[in-house]
Structures are given as structure tokens and as C-alpha cells.
Amino acid sequence: GLASAADSKAIKVATQSPLSGDQSVVGVDMKRGAELALEQLGKPLADMGFKVELAPFDDQANPDTGVANAKRIVSDPAILAIMGHYNSGVQIPSSEVYHTSGLANVSPANTNPKVTTRGYMEINRIVGRDDVQGVVGADFALGLGAKTVFVLHDKTAYGQGIAEFFKKRADEIGMKVLGFEGTEEKANFDALLSPILAGNPDLVYFGGMYSQAAVLFKQARERGYAGTFLSDDGFDSSDASKIAGQTLIDGGGSYYSTVSGPASVYAGTAKFIADFKAKYNSDPQPFAAQGYDSMAIILKAIENAAKAADGAVPTRAAVAQAVRELKNFPGITGTFTFNQIGDPTVAKYFVLKVNSADPAKWSKNSIVKTLDIAPPQQ
Amino acid sequence: MALLETINVMKVFGGLTAINKVNFQLEPGRIVSIIGPNGAGKTTFFNTLTGIYSPDGGEINFNGRSLVGLRPDQIAARGISRTFQNIRLFGEMSVVENILVGMHVHLRQSPLATLLHLRKFKAEEAEAENKAVKLMQYVGLRGVGNELAKNLPYGAQRRLEIARALAADPLLLLLDEPAAGMNPQETEDVTRLFRSIRDDRGITILLIEHDMRVVMNISEHICVMDYGEKIAEGTPAEIRSNPRVIEAYLGRGAVAGQHEEKLI
Amino acid sequence: MITTGFRQLFDRFNHGLWPCAIIIGHTLLGTFLVYSTPRSSLAFLALVSSFFSLYYFKADTRFKIVAGVLLALVVIPVVGVRNIFYLEVIFQICVFAALALGLNIVVGFAGLLDLGYVAFYAVGAYLWAFFGSQQFYVLHFAPGTQPSNLPFLLPGDAFYLFMFLAIIVAAITGVFLGLPVLRLRGDYLAIVTLGFGEVIRVLANNLDKPLNFTNGPQGITPIQRPTMPEPLVDSFNNVFGSLIGHQASIADMYNVMFYFLALAMIIVIIFVTRRIDDSKIGRAWTAVREDETAAIAMGIPLVRMKLAAFAMGASFAGVMGVLLAASRTFISPESFSFMQSIGVLTMVILGGSGSIPGAILGAATVTLLNLQILQGFSLYLSELRQSDAVIPLINFAWRDLSTQLDPAKYQRLLFGLILILMMIFRPGGLIPAKRRKRRLAGEEAVTEQ
Amino acid sequence: MSVLSLANVHSHYGHIHALKGISVEVNEGEIVSLIGSNGAGKSTTLRTISGMMHPSAGAITLYGKDISKMEPHAIVLAGLGHVPEGRGIFPKLTVKENLEMGAFTVTDHRLIQERMEYGFSLFPRLKERLSQYGGTLSGGEQQMLAIARGLMLDPGILMLDEPSMGLAPVLVELIFDIIKTLNDKGTTILLVEQNALMALSIAHRGYVLQTGEIVVSDTAENLKKNPLVQKAYLGMD
Amino acid sequence: MNRFLQSINARELIRPLGQMVVFSLGSAIVLSSIVLTLALGLDQTAVGLALQDKYNVSLYTYTLVNLPQVVIDGLTIGFVYAAIALGYTMVYGVLEFINFAHSEIFAVGAFVGVEILIALDHSGLLRSASLGMSYVLLTFAIISGMVAAGALAVTVERVAYRPLRGASRLVPLISAIGVSFLLQDLIRLVEGLTTGDFNRIFPSFGNFDQRLNFGKLALGETTINLGISIKSIIVIVAAMLMLMGLNYLVNATRIGKAIRAVAQDRPTASLMGINVNRIISITFLVGGLLGGAAGVLYALKFTRIDPFVGFFPGLKAFAAAVLGGIGNLTGALLGGIVLGMLETFAGSYMGVFTMGAAGSEYKDIFAFSILILVLIFRPQGLMGENVGQKA
Ligand SMILES: Nc1ncnc2c1ncn2[C@@H]1O[C@H](COP(=O)(O)OP(=O)(O)OP(=O)(O)O)[C@@H](O)[C@H]1O
Ligand SMILES: Nc1ncnc2c1ncn2[C@@H]1O[C@H](COP(=O)(O)OP(=O)(O)OP(=O)(O)O)[C@@H](O)[C@H]1O
Ligand SMILES: CC(C)C[C@H](N)C(=O)O
Ligand SMILES: [Mg+2]
Ligand SMILES: [Mg+2]
């Protein structure tokens, strides 16, 4: 129809994250982070005459939906890149689609190794990997003095993945792994708790999301378990303490490893938090800052690619290339350079301790360990 | 040799012996009735013969081979067809289709022929359809071939059930109260029909009926049951005058009373 | 009232040359719309719906076949390659139509309520996922810990062989499940099949130890596709390149190929279903559905007939599973949830239980709603939200609209409503099953007497 | 005095026009018999009266009250009993419970007991089968149960739909005797029967239905003599 | 008063209690002997050695010491299933169809109860409540949940099922599936618009989270605290009361008799003077009340609920109802207990017995497999009666 000159330079950046359901708390804020980045950092592109729009998609934390969306995304030539996915289980199949159409993907949260180990040119992430995070968790557990451990996971690609790495490391460093079980159960953990309580391990590890982990921890405590809980970045949500409350503090307390520290640990995030609060009237959930950074990287790459194309709309391949070529990009959660498979050359890993039963104080959880680790060479 | 022979057949429900050691022989080509008070075990006897119930004892031989342990569909394939006391048609199927279902055991139709519509298949279907139409007309149904069975009036449904049973070309036809709910006129029609089924098609008929006009009219032999046991057997004349039968079943009025000539 | 008015209008145009004109007009219009506005959902609907004018209007069969073939084999691939998403939607429609047709045999024809139908789909998908990937070499690794660059067990072209194998394996699974449970009454069968569906999913989720068959929740990837000959891509580009406006890539051509495969399967399925339905087996199914006792007394072997229905329905799902695994190159247990089974059941019922065109229409409607309409609507809302637009009269700024109201989130609500309303107002479905009227030669002669 | 009257009643099953404007009067203390061939609409008439289906046109009055729009349970309370075609036994209630259901609207326990005993005196077989499930009774036993259950209510008007169907000849006689006795005790009776001869021999008046219309109505005596009735319904040539 | 007492049929009150005891003991004994036998058999094998290595006890001791707690856990969840199963069974009994929406009616009950408590929590009332008061408040929440769920159930019947009476069997079933979906999203919509939350949390107050300890059992180097939490006791007691109440209603009252008659033959029931529509509404009401109560109890026991919370318990409860023989109240009780016990036993012991090869992730399909097995050998369910259909 009425294609004007301005329209011809219209470009879109897609996002995919769970906007509905269980995990929407984090997924929505991830999208908002990206939205905020576009608002704040879109100026250079606008100055070049581009009209950049956000195309948010809801992957419902479900691989089928993610893939269907992905097909829709790649079919829109105006979309030049995608920020996305909260769940590795969704990112992995969806990125098969991005890969076949050469669409650049920057992931703000997906930690499963397979996200990058397939070696796809278009796929990148700005966070660490579970084969490191699991190790960090196991080493930390040993540091706490745990000699026996029971490992659980939620039977998702992500949860099982990290739990496998935790277990492998725990075996290596001489901890006794009393059991390794996955469960899709969301409410009644009584049966699962029997072998745990019988073994009375020093530490219980849960690979997966808070909504299960917190319920499990609460029930374990109520049955008299006094040891320590350790979980992963899936546990990082204030809802965890809403569910389990005081039981997280009791006994040996609760810890979780993450690849995304509380927004306050990063030098550049003070302004982000303030802006986010001003715009959305709530504190950013974990990974909102990463959403912001992923978007920032995408915008920068588009800008670079457009410049290389003399101000024309760049091709997807050029954008994907430009993402990889960014060097020392200064984001609010770190400075990013991607290696040849799309991992950041260095990633931060944190271990946090739950300090308060009050959900409002979740972001005040104390960091008990911070590590900078390069991704495994593979 | 008897077409059907039961030796000491038993059927027990909980504490109730519904059929108690019934010995029964049916010669081919006859029309035989089973009568008896309500709850005597007549329908149960049919259900045992056709495999709906498995007997709790005794032997059932049909055409020289035992039926015990066979499934109902296997028994049907051996040549026993039946109608039901409360009509059981395939309501959502058309009249012709109901009859075609009755032919199930005779249709060959290999999967390949079915898929490819080989000439063999088409010829067989056409022939079956023809036969179905003839059967409809034979039992007195006209112009309702494409009608849904459930939309037929009651009497027509009874006839359709008979046509469906005949479609299997049975050796033995079991009819459970086929004239129930029919008025005298209609009763007379179906009685004629039964006779013709035997005469023209040579099908042996075993009949349960409470309507003595039908029973006395066409049976060559009558078997009387009470409390699960066979209490009498004989020609209509013998049965009519058997005091035990009168007592248990016919009632004195039927013999002495006013409607005798009309009833019998 | 409305429907009768509509009927009259429809009937007015449904004779003479009108139908041909309408069909051609509809198709051309749809094609033109999609061609000129390749991103518009409405245009796409216009095109897809031309299949229904093709179905509904009376026209010469030869004309219909030619039109249908052109539409399916030329128009759809060409506009599909222009906007790959359409091809994906149509592929999904085909897959679900095939599933719906399969379930239709079980539910619609034989009257057996199967709430775990998707299990057979999973069987097919995992069959190829295991043999068509590197999974064989991963048997001894915990999920996620295997080394990279493993070889493939079988060449990609074994895919075609596995389409056949899947038919057999799924059918055997169907028989295996059916044997013990088919004696159960309706509702019991429903819960048992539901349980079976869960069993298969949970097995897929957990058979990653002691030996790693399924790779558990991580799913299996990459899964191979059959080879795509370069010359084919080139010749497609040579012929249609100018129409499409860009060079079709191999990835595009794979989409076309899977679309064709799915279409071919549907045609086979329809053919088989119709032939079987019109034979003694089909009649036996209906008889069993209507009255089991009477059916068995007519000599119909109940269990064998039910098993046949189960196995046939299962085998259709099995093939489509192989197709899905190859087209996705990824398979994980989450794709085979109870929701999927219910989704397929919805399609069958919505279209009309026992009706072949109904099953297809049901599949198309639900898939379109799911992939196209709801999502499209949500995207549109989000665009509005990013703009400064306000709703005129009430002066409500779109940007203030809660994201909680995104239509894409309310799939279930919509399905639920559809199901309820359909059951209340049109329990026979959109295209209720038609009984074939037989031309009973002998009978008419008699009636005329 | 007319206790039940139908004026120009029409009934439909979907598109099937089963009753095409029938008018029937039943007077206090009468036995009125409906006869007609299969599918004539006899059962439909009873069903329409007892509210199991609603007439599409026409008026039905019971004791002077219009009941054409009332639900069956309310009509029962108004004093009309209906022993339906096909018996309607509760298959998973025992014989005793089936009988108790018949007296659902009766609260006096002693009365219930009394009527039950009366039922047993008519059909001793039922007493033998007291705790057997209704569904496993033989056809005739079910018929006995249905009638006995109909009596539990002791309604002012009792409608019986083919009460003799499937009964042994001895019982057929018994049934008609019972009807007669009931009537003598004051119950008004509307009777549908295939066994027209027997029905007319105890009825006061009768109506003949043909494809949803009343073709003849007269006293029972006259009907027995009516050639049309004799030929079609009495099986006399 | 005296007359009232006389009119109570004591047998109908005591019978279900007896059944509960028998079923609980029975399934506990059967399952315990199975696992103990297995443990004895596997003790000297690799399985026993592996356990010895990790836990420092023999497999047999491990199994034995864990048993009492496993039984308690099994019973608790079993009673939850039984309480939900009652709703399915009531409706199935009367209308012969699976009320798929019962799981959402259950969920609505849970939500209403939890929202009320959350509101009370925000108002500070919960924290300041005395122990007695907290029980009062809990009861209030339960009753509110019941009322809401009951009203919903009646409405659903009125709107989505009543117009379908007399249609073929699949039709109302599909409509019920539709209602179930619709309600899931409606709950989500309402929650999303009002609170913005997906997960809702049962506030902690009173002493419900506390645990009564019966003692300690030594197991190798550690000890196991044998006990039961107060909330589990509440769940069990409430479920028992519900069962007894319902049993009484159905077997010993006029309404119950009418319900049974309507269940079997609606037209005939109406000819007996029974108002069929009212009875069906009452049935749904009762089913809904029970479902609502079960929902709040479930939230109390498991803390977290979300709009899809009904799905799995609903499925299990339905399986329990079928297992017991659907349409049969005692069957629902038995099915619930058996299913709860089975899955708890499987979840607790499977991992150990298979050396971790198959753990508690199989507990659900274990339960389903048993269900399938039972139905193969007893197609009418454990307690279902096989009333032969006459040909
Ligand atoms: N499935 C069953 N369970 C228990 N008892 C049964 C069952 N079927 C039949 N009976 C009992 O067995 C006896 C015989 O029943 P049957 O139906 O054979 O009688 P019948 O001779 O056909 O009677 P009618 O002439 O009244 O139809 C009856 O007393 C009946 O109650
Ligand atoms: N449920 C129904 N649905 C559709 N048509 C029906 C239904 N019941 C009866 N009919 C039709 O209504 C007409 C009258 O039927 P009705 O049952 O009243 O006849 P009847 O006089 O009682 O016959 P019978 O002596 O066979 O019992 C018949 O044509 C019948 O086919
Ligand atoms: C935020 C996380 C729970 C997501 C997880 N790291 C994943 O890759 O799936
Ligand atoms: Mg009988
Ligand atoms: Mg009648």
C-alpha cells in the first residue's frame, strides 16, 4: 500500500519470554527491560532515520509456543534480531528456527550449555553457563562443609541440566550424593521427602524453578529437616520467600547460585532501577537488567551494521555478524565480548543467601560469593 | 440329528438358579416355542445360547459342535441369529445399513479389495444391498431404506430386527417376544411372516412369546419353563390341556373362560 | 433466522455458472490479497477460506479438482515461500487435520473416547527422533553431558522408510494398549487412555536413565531431514523466482517439502478413511458405537473391531509424528501433553464428530485461531500500545490497556467457549456427519407400484 | 364430572407431529381406554398428560387446573399417577426401594407399609425378590413391579400404559382384575392397551386413535360392536 | 430433640467410619508387606549394598523404619483425593458423565478461601488472631470457598449442562471440558486483573504448620522424626466429616433417595413426584461444596495455588473415583486412599529399590498403571457393582 520513505526504514526487534503463566513475573520484566532499553538507547538509530519497534511475543514457557512464535518472527522481514527466552527448554528449539533463517538472537537468561555449544553463528547469550554454575554450586556446597547432598531437579531442560552438572562435580570433589531425582510434582513432596529425611543430608540441592523449590523446601523444613538448601538462578524470585517464608531462614538457611546478581551489584544499574521503577511502578525482577543489556547489544549491532551498509536497512546476516563483532560492549551488567560460539568471554557467577522471610526484601539478599569465570572451551 | 441340543444347562445369578439343568432338543426345520411364567428363565436361556451369558454348567451343541466357551460373535457366525425382548436396533443407522450389519459375517471384503474398490468388492456390496432391499420387502418394510432406524414406528422396528437377523442367513432364528406390543392385526401379520421364514427359507425358529394366539397357531412343539426348569414339553394340544401348565401359566380363565376361542 | 437467510442467499448462488465464478473469484482475490499484503492475517484468511468455497459450492468435479490442485500445489507454495509463516501455518493445519482425521476414526466412527491420542503421535515422533539423530551414541551419557560432534546413526533419507515404520509401530502400540482396555465402557476407556497418554509422556521425560533413550526433558536435537536436492531448489527458483520476489533458500524449500508431504498424507488418510467407512468395517464400527450387545449378537467381533479403529487412528498419528520430528528437527516431551490430546479432540468435535470435512475444518479453525488470529490480535494490540492512539469515544489510551488482556493468553478461554457454545447450539459440529443415501434400486421400483 | 380433559392437544417430537389435535374427557370414577395400532400416539398422549413432554398446542386440565405447562413432579402432586410404557424400573434400586420410590411424596410410614403389603398380596413374586435389583428382574417381573409401584402413590387418577405387555396369560387376567378392583375403590383410570378386547371389557368408555387423531369415541360396549374396531383391533374378521 | 436423635440413622454414620478404618489399615498392610518382602529379597543384592554404602543401614531396616511415616503421608493425600473424588462421583452417579470442570470448581474454592485469608492477612487480623480465632478464620475461609464453589457448580450445570440433557454421551462431556478450560482462564484473568499474580500463597497463621511428633526412630546414624503436621490432621478430619456427611445425605435421607432415583431414570423419577431439576442442582451444589472445601484444604496443606492448580489433583481424584468404581461413594473413598497410598509408596521407595534408575518421577504413572491393571481385571472398579445389562 502506502509505503512512505519513513516506513521503508521501519525495523523491528522481537522479544520472546513468558508473558503469561507461572513464570510471567520474570518474563514480563525481561520484556520491560528490553522496552526500556529501546526507549532510552534507540536515539542513534532514530537519528539515522530508522523507526524501531518492539515486537513482544509470549512463549508461555512452552517450547511449542516458542517455536511457533519463532516461525512467525523469522517470516517478518522487518524483524532484524530477537532478544529472548527465559527458559532454555524453549530457547533451544526456537533457536533452531532463528539459525535456519540467520536471525540474530541475544539471550539474557538461558544458561544451558547447549544454547551455544551447537556453535550457531546467530545465537549468543550474555550470561554464564550451567556447566559452570553447577560447578560453582557444588564447590560452594563443599565450602559450607557439606559432606552429603541430595540432588533434585524439576524435569525441565534447564533444571535437569544444571542438576546433572552439580551432581557430576559433587561426585568429583568427594561429596556423597545420596540421591538424584527429578519430579514434576508441584504440591505434594511428601513421598520425595522420605528418602531425603532418612538420609538427612547436609545439603539439599534443587535444580529448577522457585515455584517448586520453595514449596519443597517449606515442606522439608516442616518435617524437621535442619540442613541447608541450595538452588540456582531459577530460585531467584521474591515469590520464593512468599511461599516458603521463614523456613528459608531456619536451620542451615538457603542459598542460591545465579548468573544475574541483584541489580544493585552492577555499577551501572542504579539509574536503571530508578528508571524502571518510575516507568513500571515496581522493582525490576531478576533478568530485567539482562533484558535491557541484550536489547542494548542488539541496537548497537544494528546501528553498526546499518552504518556499514551506508544507512540502509542492514541484512539479518549483517546484524548477526555485528553482534558477534562487538568488542567490550559496556552494558549495565557488565562489559560484553562474545567468543566464537556466542558465550561472553567472561561471565559472572554469584552465590546469594536468603536473608529475610519478607518478600519485599528479596533484592537485599546478600551476595556470599562472586566469581568471574570464562566459559568452558567447547 | 438335532440342530440344537442342550444337556443339563445351568445358569446361576448369585443365589438364584435362573436355568436349572435344562435338557432341550430342537429338530431342524421346526418352529418351536418356549413359554412360561414371567421370570421363568426364557430370556436367560436365549442369552446363554447366544453366548451373552456363559453357562455355569452343561453342554450346548449346535449343528454337531459345542458352543460352550465361544464368544457371541463366534456363535452368530455359526448360524444363530436373534432378536431382543426390548428392541435393540442401531438407531443412528439407516434401515438398509442395519440389515447390512446383519450380513457382516458373510461379507468377505479383504482390506485390499476395500481400499482399492476392486470389482470383487463392488460386486459384493451391490449384491448385499440388493439382498437387503429384498429382505426389507420380505418382512414388509417398504420405501424406508434410507430412514434412520430410530425414526421407525414400533412395529416397523420389530420387523426390521427380524430382517436384520435374517440377513445373516442363520440356521436358527431366536425370537424373544416378537409380538409384544402389537395389536391383533399386526400379530397375525408377523405370525404369517414366521411361518414363511420357515417354509420358504428353511430356517428353524425358536420363539418366546406370551401371546397364545401366536404360540398355539404356529408352534409344532412347545416347551414350558418355570423357575428355571423345563416343566413340560409337547404339541400345542398337549400343552393346552396340561394341568400343570394351566396352573402355572395359562390360567384357568384361558381354558374355561369366555375368550377361549379368541385367545387360542 | 440468520442461518436460514444465509442459506437462501447461498442457495440462490449455488447453481449454474455462479459457483465456478465464485470459486475462481474467491481464490484469485485471496491470492491477490496475500500477494500484495504478505503480512496481513486477513488476506491469509481470505486465501485459506477459498478451500471452503471450493468445498461448499456445487461445481463440476473436474473443475473442482483442477482448482484444488492449482490452489494446493501452486498458489500455496508460492505465496508460502513469500511469507514462510503461512507455509508453517498451513503445515500445522495439515498435521492437525491428519491427527483429527485419525482421532475421528476412533471417536467419531467407533465411538471410543480416547483422551490420550497424542501418545501415538509421540511414538512416531520419538521413533524417528531416536533413529534419525545422534541419540543412539548418547545412550550412555546423562542428558546434556555428551560430547559434541557425534555422527548420525542413519542417513536422513531413511526418513521415508520410517514414515512406513511409524505406521506399523504406532498401530502395534495401539493394539498393545487396546487389547487390555477395549473391554471397558466409555468413560472408563476415557480415563485409561488419558492415563496412557500421560504414561507415554512421562516415559519420554524419564527414559534418560538408566540408558538415555529420549534425552529426557532436554529433548532430542538435531533430528535429520531427508536430503533436499539442489536442482530442485534451483528449478523452483527458476520457475517461481520472479513471482516470489526472492530466491527461495533451502530452508524455504524444506517448508514446501514438508507441506507437500503432509498434504499427501492427508489425501491418503481421507482416501483410506472413506473407503473403510463405506465397507463392512465402517458399518461394524457404527454398529458397535450404537449398541455393543446387538452388534456382537450380529457376529461382529467387538474387540477386533475396536482394535482396528484404534490401530488405524494410531497409525495416522504415528506418521504425522515422524513428519513433525523431521520438520522441527527437535522433539521434547512437552509437545505431547494432555492439552494436545484435548486440542485434537476439540478439532474433531468442533468440525463434527464422524465427519471427514468436519475434522479438517475443525483442525483449520483451531490452528488458525491459535497461531494466526489470537497472536495476530495480540501483536496488533501491542503495536497500538506502543503508539499514541486512544479509543475515540471513551478517550482511553491504548497504552494503558493492561497486558493481562492479551488475547493470545486466553486460548483456553476461547476454546472453552467454543466447545460449550458448539455443544449447546450445534452439537453435530460445523459440518455434521452426513449419512450416505443409498440409491436402492429395487426399492424405488416397489414404491412406485 | 370430568376430572381430566384434553382439548385439541397437539404434540411434537422434533418435526414429527405425533398428536394432531386430540380431545379426551375422563370422568370421575371411570375407566377410559385408549386403543390404536402401533405408533398411533397412545403413549404420547399419556406422556403429554403427565408432563413428560409438553403439548405444542391445546389445553390439559386436571381437576379444573391447567397442567399443560407443569412439570411431571408437580402433576404427580396434583394427584395423577402414570405407569409408563417400558416400565421405568430403577435398575440399581432393589425391588423394595423401587416400591418406596413410588411413595416418594407420601410421608406417612404406616401408609407406605400398608400399600406395600397390598402390592405383595397382588404379586407374591415381588416379595420373593424383595432385595434383588430392579434391573435384573425378568420382563414380566418388572411389569409387576411397575404396577405395584404405581399403586404406592394411590393417586386419584392412574394412567397405565400397556400394563399387560409381556405378561403371562395368568397374569394378564390378574392385571385386569386389579384394575377393576382399583376402579371399584374409586380410582379413575386411563388405560392404554393392545389387548383391546380385554381392555374394552372392563372399560366404561374408549377412544380409538389413528396416526395422532381420534377417529372414534364411544362407550366400551358400542366400540366392541363397531366393525372398524373389530377388524383392526380385536382381530376379528 | 429426642425425636431428632431418634430419626438419625446411626448405622449410616458409623458405617463409613468403619470403612475408612478398614480401607486405611487394609491398604497400609498390603502395601507394607509388599515393600517389606521386596526389601528382604533385595537386601543382599546390589540394591541393598548401594543403600548400605550411602545410608549405612540395611535395605530392610531402611524400609521398615520409614514405613510409618510413609503410611501417614499416603493417608493424608489419599483423603485429599477422596474428598475431591466425591464431587466427581456425585455428578457421575446422577448424570453419568465426567464433570471435567470439577477440578476448576475445586480451584475456585481454593482461590476464594485463599484470597479471603490474604485479605485478612493484609488487614492484620490473621497475625493478631488467637489460636481459637485462627481456627474460626480458617473455618470461615473454608465455608466461603465452599459457598463460592457450590454456587459456581450450580451455575455451570444450569448454563452448560442442562441444555444438553438428552444429547448423546459425548456432548456434555465435551461441554465440561470446555467449561474446565474456560474457568481456568477466567480465574487467571480475574487474578491477573486484580492482583497481577499467578501464584497465590496461603498465608501462614495459627498453628497449622506445626507438627505433632510421635517420637523418633533411629536409622543408621540419623533419626527420623515420626509425626504429622496439624494441617494434615485438619485435612484428614475434614475429609472424614465430609465423607460421613455425604454418605448420610445419600443413604439415609429423602433427598439422597431422590438423588439415587434421578441417577437411574430421570423420566421415571419425575413420575414419582421428584423434581428432577432441583435434585440435579442439589447434586451439583453438594459436589461443589465438597470440591470447594477440598480446594481450601488443599491450599492449606500445600501452600501455593495457581489458576491451573485443579488440574492434577482433579485428574488423580478422578482416577481414584474410577478406581473405586465411579458413581459409588464408598468407592471414591477407597479409590482415594488406595491411590494416595500407592503413589506415596511408589514415590518413597521406588528410587531406593531401583538404585535411582526410576525414582519418584514415576509415581504418577505408577498410579495410572495400577488403575489400568485394576480396570482390566475389574472393569467396574474396586467397589463398582456389575449390574448385568439384560439383553
Ligand atoms: N443378570 C441377572 N442377575 C440376576 N438375576 C437375573 C439376571 N437376569 C435374569 N435374572 C433373573 O433370572 C430369572 C429369569 O429371568 P428371564 O429374563 O430369563 O425371565 P423370562 O423367562 O424371560 O421372563 P419374561 O417372560 O418375564 O421376560 C428372573 O427371576 C430374573 O430376575
Ligand atoms: N422419542 C421419540 N422420538 C421421535 N418420534 C417418536 C418418539 N416416540 C414416539 N415417536 C413417534 O410418535 C408416534 C406416536 O408414538 P407413540 O409411542 O405415542 O405410539 P403408541 O400409540 O404408544 O404405539 P405403541 O403401541 O407402539 O406403543 C410414532 O410415529 C412414533 O414413531
Ligand atoms: C532464569 C532461569 C531460571 C532460566 C534458566 N537459566 C534457563 O536457562 O532456562
Ligand atoms: Mg424375557
Ligand atoms: Mg405406546
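A few points on the structure. (Residues numbered from 1 in each chain as written. Chains lettered and ligands numbered in written order. Predicted model: local features only at pLDDT ≥ 70, side-chain atom pairs only at ≥ 80, totals over all residues. Heavy atoms only, no water.)

1. Let's talk about the coordination of the magnesium ion (ligand 5)
Residues and elements named next belong to chain D.
Move 1: Ligation of the magnesium ion (ligand 5) by protein atoms is provided by Ser43 (OG) and Glu85 (OE), these donors lying 1.8 to 2.4 Å from the ion. Of this pair, Ser43 sits in helix α1 (residues 42–49) while Glu85 sits in the loop between β6 (80–83) and α3 (95–102), and the two are 42 residues apart along the sequence.
Move 2: The exposure class assigned to Ser43 is buried, which follows from its relative accessible area of 10%.
Move 3: What makes Glu85 partly exposed here is its relative accessible area of 33%. (Donors = N, O, S within 2.8 Å, 3.2 Å for Na, K, Ca; no water. Helix = DSSP H or I, 4+ residues; strand = E, 2+ residues; numbered from the N terminus. Buried < 20%, exposed > 50% of the residue type's maximum accessible area, 1.4 Å probe, protein only.)

2. Here we look at the side chain of Thr191 of chain B
Move 1: Considering the arrangement of structural elements, one finds Thr191 of chain B in helix α7 (residues 184–201).
Move 2: Once you skip the residues sitting within four places of it in the chain, Thr191 of chain B turns out to touch Val214, Asn217 and Ile218 of chain B. (Contact = heavy atoms within 4.5 Å.)

3. Brief notes about the environment of Lys42 of chain D
Residues and elements named next belong to chain D.
Move 1: Assignment of secondary structure puts Lys42 in helix α1.
Move 2: Exposure remark for Lys42: the relative accessible area of 4% places this residue in the buried category.
Move 3: Note: C-alpha distance between Lys42 and Val76 (34 residues apart in sequence) is 19 Å.
Move 4: Contact partners of Lys42, with chain neighbours within four places excluded, come to Leu34, Ile35, Gly36, Ser37, Glu162, Val192, Gln194 and Leu209.

4. Overview of the packing of aromatic side chains
Residues and elements named next belong to chain A.
Move 1: The final tally for this structure, using the stated rule, is 49 aromatic pairs over all chains.
Move 2: Taking 6.0 Å as the distance between ring centres and 90° as the angle between the ring planes, the aromatic pair formed by Tyr266 and Phe350 counts as edge-to-face. Separated by 84 residues along the polypeptide, Tyr266 in the loop between β10 (254–258) and α12 (269–280) and Phe350 in strand β13 (residues 347–353) bring together distant segments of the chain.
Move 3: Since its relative accessible area comes to 6%, Tyr266 is described here as buried. (Phe/Tyr/Trp six-rings, centres within 6.5 Å; stacked < 30°, edge-to-face > 60°.)

5. Some points on the pattern of salt bridges
Move 1: Within this structure, the stated rule accounts for 69 salt bridges over all chains.
Move 2: In this structure, the salt-bridge partner of Asp139 of chain A is Arg169 of chain A, at a minimum N-O distance of 2.9 Å. Within this pair, whereas Asp139 of chain A is found in helix α7 (residues 130–143), its partner Arg169 of chain A is found in helix α8 (residues 157–172), the two being separated by 30 residues in sequence.
Move 3: The exposure class of Asp139 of chain A is partly exposed, given its relative accessible area of 26%.
Move 4: For Lys301 of chain E, the salt bridge is made with Asp190 of chain A, and the minimal N-O distance between the two is 3.4 Å. With Lys301 of chain E in helix α12 (residues 276–302) and Asp190 of chain A in helix α9 (residues 190–199), this pair bridges two chains.
Move 5: Overlapping salt bridges bring together Asp239 and Lys242 of chain A together with Glu115, Glu191, Asp197 and Arg200 of chain E as one network. (Salt bridge = Lys/Arg side-chain N within 4 Å of Asp/Glu carboxyl O.)

6. Re the pairing of strand β9 (residues 205–210) of chain D
Residue and element names in this part refer to chain D.
Move 1: Here β9 lies mainly inside the structure; five of its six residues are buried.
Move 2: As judged from the five bridges shared by strand β3 (residues 31–36) and β9, these two strands associate in the parallel manner. If you follow Ile35 over to β9, its bridge partner there is Val208.
Move 3: In this structure, β9 lies alongside strand β10 (residues 213–219), joined through six bridges in antiparallel fashion. Bridging from a neighbouring strand, Tyr207 pairs with Ser217 of β10.
Move 4: Hairpin connection from β9 to β10: two residues lie between these consecutive antiparallel strands, with Thr211 at a positive phi of about 35°. (Pairing = 2+ DSSP bridges.)

7. Some details on the site of ligand 2
Move 1: Lining the immediate environment of ligand 2, one finds 17 residues, of which Gly39, Lys42, Ser43, Thr44 and Glu85 of chain D sit closest.
Move 2: Each of chains B and D places residues near ligand 2.
Move 3: Ala40 of chain D is positioned with one of its backbone polar atoms (N or O) 3.2 Å from an oxygen atom of ligand 2.
Move 4: When contributions to the shell around ligand 2 are tallied by element, the ones reaching two or more residues are β2 (16–27) and α1 of chain D. (Near = heavy atom within 4 Å. Polar contact = N/O pair within 3.5 Å; in protein donor to acceptor, adjacent residues only side chain to side chain.)

8. Quick look at the interface of chain C and chain E
Move 1: Counting residues at the interface gives 44 residues for chain C, matched by 50 residues for chain E.
Move 2: Taking both partners together, chain C and chain E bury about 4100 Å²; carbon and sulfur atoms supply 76% of that area.
Move 3: Among the residues of chain C in contact with chain E, Tyr188, Ile191 and Arg412 of chain C are the three that bury the most area, contributing 16% of the side total.
Move 4: If you look at where chain C meets chain E, you find zero salt bridges.
Move 5: Where chain C touches chain E, the interface holds three residue pairs in polar contact (both at pLDDT 80 or more).
Move 6: Broken down by secondary-structure element, the contributors of at least two residues to the side of chain C that touches chain E are α7 (158–181), α8 (186–206), α14 (338–351) and α16 (411–425) of chain C.
Move 7: Per-element tally for the side of chain C that touches chain E: the top contributor is α8 of chain C, with eleven residues.
Move 8: In the side of chain C that touches chain E, the residues fall into 30 nonpolar, seven polar and seven charged. (Buried area = accessible area lost by both parts, 1.4 Å probe. Nonpolar A, V, L, I, M, F, W, Y, C, P; charged D, E, K, R; others polar.)

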